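# Architecture at a glance
Take a look at the letters that make up each chain.
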Amino acid sequence: MRIGILGTGSMADALGGQWERAGHDVVAGSRSRGDVRAAVAHGRDAVLLAVPFAAAVDLVAGLEVALHGRVLIDCTNPVGGPDFGLLTAGGPAAAERIAAAAPGARVVKAFNLCHESVWRLTPPVFGGRPLAVPLCGDDEDALTVVRRLVRDLGCEPLNAGGLDRAGLLEATAALLIGLWVGQGADAQAIAPPLEFSGA
């Protein structure tokens, strides 16, 4: 696949590097280098949005025409402050705001629940169990593309619903970051094994 990445930080480097190792053709760009349009043009199959949430909506709005028809993967987290609060509480989710800024793009929320160090693992397997990656999106073809990219990392994609449920993923990230980073807690311990889930 041809993948463009908006951003050149740690998430861009971690995910982009893994996709390159999987055989994909990856180009990253940043506003500071003035090459974000080149990254979007390259990302014929998918574009990863890997910039801080504070910059994401304006960046995407400025690329609205270039992003038309593109699979746009949103891994941003609208989390901030000393308590790692959800910056979009009470309003549209970050992914929904990004989709509204570029209505022609096919937005999928993914890869936002883990620190960049997890994406550098080859593969991210814990206790013999591959990491699961929840996806939220409304376009089935776009979801198929992102599922492949998840599997190329050695992970398992999970259907988390439409883009209207992306806020749940973002709130989950805020909760987990607050527990992991804010308290040093083992946040994974909050979920019992499947047989005890009541399913």
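So, how was this worked out
- Residues numbered from 1 in each chain as written.
- Predicted model: local features only at pLDDT ≥ 70, side-chain atom pairs only at ≥ 80, totals over all residues.
- Heavy atoms only, no water.
- Helix = DSSP H or I, 4+ residues; strand = E, 2+ residues; numbered from the N terminus.
- Rg over C-alpha atoms; globule rule 2.2 N^0.38 Å.
- Buried < 20%, exposed > 50% of the residue type's maximum accessible area, 1.4 Å probe, protein only.
- Contact = heavy atoms within 4.5 Å.
- Areas by Shrake-Rupley, 256 points an atom, 1.4 Å probe, with all protein chains shown as cover.
- Lys, Arg positive; Asp, Glu negative; His and termini not counted.
- Charge placed at Lys NZ, Arg CZ, Asp CG, Glu CD.
- Salt bridge = Lys/Arg side-chain N within 4 Å of Asp/Glu carboxyl O.
- Phe/Tyr/Trp six-rings, centres within 6.5 Å; stacked < 30°, edge-to-face > 60°.

Okay, the overall build of the protein chain next. Of regular secondary structure, the protein chain possesses 7 helices and 11 strands. In summary, the protein chain has a C-alpha radius of gyration of 16 Å against a globular reference of 16 Å for 199 residues, a match within 12%. For the protein chain, the C-alpha atoms occupy an extent of roughly 45 × 40 × 30 Å along the three principal directions. Looking at the protein chain as a whole, 46% of its 199 residues qualify as buried. Sequence separation of 24 or more characterises 71% of the internal contacts of the protein chain that already satisfy a separation of 6 or more. As displayed, the protein chain offers around 9,600 Å² of accessible surface, 54% of which is attributable to carbon and sulfur atoms. Across the protein chain, the 16 positively charged side chains and the 21 negatively charged ones have centroids separated by 5 Å.

Attention shifts here to the pattern of salt bridges. In a structure, side chains of opposite charge can pair up when their charged atoms sit close to one another. Across all of its chains, the model carries 8 salt bridges by this definition. Residues Asp-35 and Arg-33 are paired through a salt bridge, measuring 3.1 Å at the closest nitrogen-oxygen approach. Looking at Asp-35, the relative accessible area reads 23%, which means it is partly exposed. Put simply, Arg-120 and Glu-116 hold a salt bridge, and the shortest N to O gap is 2.6 Å. Three or more residues joined by partner-sharing salt bridges are found here, namely Asp-13, Glu-116 and Arg-120.

Glancing now at the packing of aromatic side chains. Scanning all chains against the criterion turns up 2 aromatic pairs. Taking the centre distance of 5.7 Å and the plane angle of 70° together, the rings of Trp-19 and Phe-111 count as edge-to-face. With Trp-19 in helix α1 (residues 10–21) and Phe-111 in the loop between β7 (106–109) and α5 (116–119), this residue pair connects regions lying 92 residues apart in the sequence. Residue Phe-111 is classed as buried on the basis of its relative accessible area of 1%. Between Phe-111 and Trp-119, the aromatic rings sit 5.3 Å apart at their centres with planes inclined by 85°, giving edge-to-face as the arrangement.

Structural measurements only, silent on function.
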